[in-house]
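Examination of the molecular architecture
Take a look at the letters that make up each chain.
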Amino acid sequence: MSAPTSSIPSARQIENLIARYSHLVDEGNFAEFGALFENADFVSGEVSLRGGKTIEDLIGSMLVVHDDGTLRTRHITTNILIEVNEDDGSAEARSYYNILQAVPGLLPLQMVAGGRYRDRFERRDGTWSFARREVTIDFTGDTRYHLKAPQDA
């Protein structure tokens, strides 16, 4: 049984939220992934979206789900720096991510992308939530088994 949220320090709750993002996307659970952004902005390059269903639809249209129902990836988030303002219930975080993938045709396991997250969080009704996630892609590898091919207009 897990400890009540209020007994877990804010920085740890936020770190858990950052990890939950990675688990949900790797598992191909786009509905719960989108729900992380129900009241938040998601920004990647020129794309800026708000709201769970909108973000769920975007991710579902971009990422390849394999026969096992997952992306066959591992999002590894490191160098997490979290700054919490307990007085106003806000926080900011910066981190790096690397996406590893192993699929038939793309062996051995390899990195397909790496970059940075810049996050803002808000405490709502005692629970920390994403307010904004900005994703920057710094490096890409072979993404043909990770990203769907763009559709012709």
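That block above? That's the structure.
In short, a report on the structure. Since the model is a prediction, treat every value here as computed from it, not as a measurement. (Residues numbered from 1 in each chain as written. Predicted model: local features only at pLDDT ≥ 70, side-chain atom pairs only at ≥ 80, totals over all residues. Heavy atoms only, no water.)

On to unusual backbone geometry, then. The phi torsion of most residues other than glycine is negative, and most of the peptide bonds are trans. Although it is not a glycine, Arg 72 sits at a positive phi angle of roughly 55°. Among the secondary structure elements, Arg 72 is positioned in the loop between α3 (52-62) and β3 (73-85). A positive phi angle, near 50°, is found at Asn 79, a position not held by glycine. Along the polypeptide, Asn 79 turns up in strand β3. Note on Asn 79: relative accessible area 55%, which makes it exposed. (Helix = DSSP H or I, 4+ residues; strand = E, 2+ residues; numbered from the N terminus. Buried < 20%, exposed > 50% of the residue type's maximum accessible area, 1.4 Å probe, protein only.)

Take helix α1 (residues 10-27) next. For α1, spanning 18 residues, the distance from its first C-alpha to its last is 26 Å, which sits close to the expected 26 Å at 1.5 Å a residue. In this structure, the buried residues of α1 make contact with α2 (30-35), β1 (41-44), β3, β4 (90-103), β5 (106-124) and β6 (127-140). Following α1 by one or two positions, Gly 28 has its phi on the positive side, about 75°. (Expected span 1.5 Å × (residues − 1). Contact = heavy atoms within 4.5 Å.)

With respect to the element layout, Asp 26 can be found in helix α1. No salt bridge is formed by the buried Asp 26. Its closest oppositely charged neighbour is Arg 74, at 4.7 Å. Side chain to side chain, Asp 26 and His 75 meet in a polar contact 2.6 Å long. Look past the residues within four positions of Asp 26 in its chain and what remains in contact with it is Thr 70, Leu 71, Arg 72, Thr 73, Arg 74 and His 75. (Lys, Arg positive; Asp, Glu negative; His and termini not counted. Salt bridge = Lys/Arg side-chain N within 4 Å of Asp/Glu carboxyl O. Polar contact = N/O pair within 3.5 Å; in protein donor to acceptor, adjacent residues only side chain to side chain.)

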